[in-house]
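# Remarks on the overall topology
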Amino acid sequence: MSEILVFAFLFFIGSCLGWCMEVVFRRFFSKSNPERKWINPGFLTGPYLPIYGFGLWGMYFVSMLSSVNMTGNEAADAVIILVTMAVVMTLIEYIAGLIFIKGMNLKLWDYTEMKGNIQGIICPQFSIIWGLLGCIYYFVINPYVIEWIVWLSHHLAFSFFIGMFFGIFVIDVWYSMQVSAGIKRFAREKEIVIKYEELKEFLAVQRSELEEKKRFLLAFKTESPLKQQLEKYIEKRIRRHGRN
């Protein structure tokens, strides 16, 4: 079976499962959502988060170290693998966050209030969470992932659905980039970095106040021009926090 198809399959599984985890986390555990609303997380519109697709790639390849006798002690090898997974996931998170801040003037998440954070992009607390996630993956999920790959090798017709997923995914990326391009122009004119989730929440409140239709997927679609809404968002943000 083609390695490209395996990579595509893992990206598909990781992106979709990661989106589900984020939806549940934000609904029931996130401190930034005290009202316990259902929130569509991430940069894209659909039910997938690419960062988890890349994360599954990373954990899958790191798990292969289990076939290498690194220390001669099985428990010590497992600890090395789990720590490596946490580091890889933290690095993926940092690179993704930095790309959006530097390239798009967008901060997709904000750990500024977390102790030991670096640029508000990564923090020790979430690195620990990535380590726990790596532990769950290594001991629980990885055997199933291997079984899924074997299953795919015997059911290549499923590659049609993977192709359909990527077709929708590409369209979604194009649409989201169009929206983000407008936000980027506005942010650079104002010389600020816009907090993506904060902006989505602001628009949701605006729709509620104006009795517009609630949107779980098209979070940035409003009846009034987006630039007008951005102006209101910045005014409110400056009143509350200054320009930071």
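Residues numbered from 1 in each chain as written. Predicted model: local features only at pLDDT ≥ 70, side-chain atom pairs only at ≥ 80, totals over all residues. Heavy atoms only, no water.

Taking an unreviewed UniProt entry as the reference, the protein chain is identified by name as ABC transporter permease belonging to Candidatus Allocopromorpha excrementavium.

## Here's the deal with the UniProt feature "transmembrane region" (unreviewed entry) in the protein chain
Residues annotated by UniProt as "transmembrane region" (unreviewed entry) correspond here to residues 6–25, 46–66, 78–101, 121–140 and 152–175. The distance from the first to the last C-alpha atom of residues 78–101 is 35 Å, and the span holds 100% helix and 0% strand. Helix makes up 85% of residues 121–140 and strand 0%, whereas the separation of the span's terminal C-alpha atoms amounts to 28 Å. (UniProt positions renumbered as here; feature names shortened; annotations may be inferred. Helix = DSSP H or I, 4+ residues; strand = E, 2+ residues; numbered from the N terminus.)

## What to know about the layout of surface pockets
Empty pockets left among the atoms are what a rolling probe the size of a water molecule brings to light. By volume, the second largest pocket amounts to about 180 Å³. Along the walls of the second largest pocket sit 14 residues, with L17, M21, L56, M59 and I141 positioned nearest its centre. The set of elements that each furnish at least two residues to the lining of the second largest pocket consists of α1 (3–28), α2 (50–63) and α4 (124–154). Among the residues making up the lining of the second largest pocket, the classes are represented as 11 nonpolar, 3 polar and no charged. (1 Å grid on protein atoms, 1.4 Å probe; cavity = no way out; pocket = protein on both sides within 12 Å on 5 of 7 lines; lining within 4 Å. Points joined across faces, edges and corners; volume = space filled by probe spheres on them. Nonpolar A, V, L, I, M, F, W, Y, C, P; charged D, E, K, R; others polar.)

## Some details on the pattern of salt bridges
Applying the stated rule across the entire model yields 6 salt bridges. With a closest N to O distance of 3.6 Å, D110 and K107 form a salt bridge. Residue K107 is classed as buried on the basis of its relative accessible area of 15%. Here K190 ties to E231 by a salt bridge, and the two come within 3.6 Å at their closest N and O atoms. Here E231 lies in helix α7 (residues 226–241) and K190 lies in helix α5 (residues 159–190), a separation of 41 residues in the sequence. A relative accessible area of 28% means that K190 is categorised as partly exposed. By relative accessible area, which is 28% here, E231 ends up partly exposed. (Salt bridge = Lys/Arg side-chain N within 4 Å of Asp/Glu carboxyl O. Buried < 20%, exposed > 50% of the residue type's maximum accessible area, 1.4 Å probe, protein only.)

## Description of a nonpolar patch on the surface
Residues L17, I136, F139, V140, Y144 and W148 make up a contiguous nonpolar surface patch of about 580 Å² in total accessible area. In terms of residue count, the dominant contributor to the nonpolar patch is α4 (5 residues). With respect to the helices and strands, V140 occurs in helix α4. (Patch = residues over 30% accessible without salt bridge, like charges linked within 9 Å, V, L, I, M, F, W, Y side chains within 5 Å. Areas by Shrake-Rupley, 256 points an atom, 1.4 Å probe, with all protein chains shown as cover.)

## Quick notes on the side chain of E22
If you trace the backbone, E22 turns up in helix α1. Sequence-distant contacts of E22, that is, excluding residues within four places in its chain, are made with P41, L49 and Y52. (Contact = heavy atoms within 4.5 Å.)

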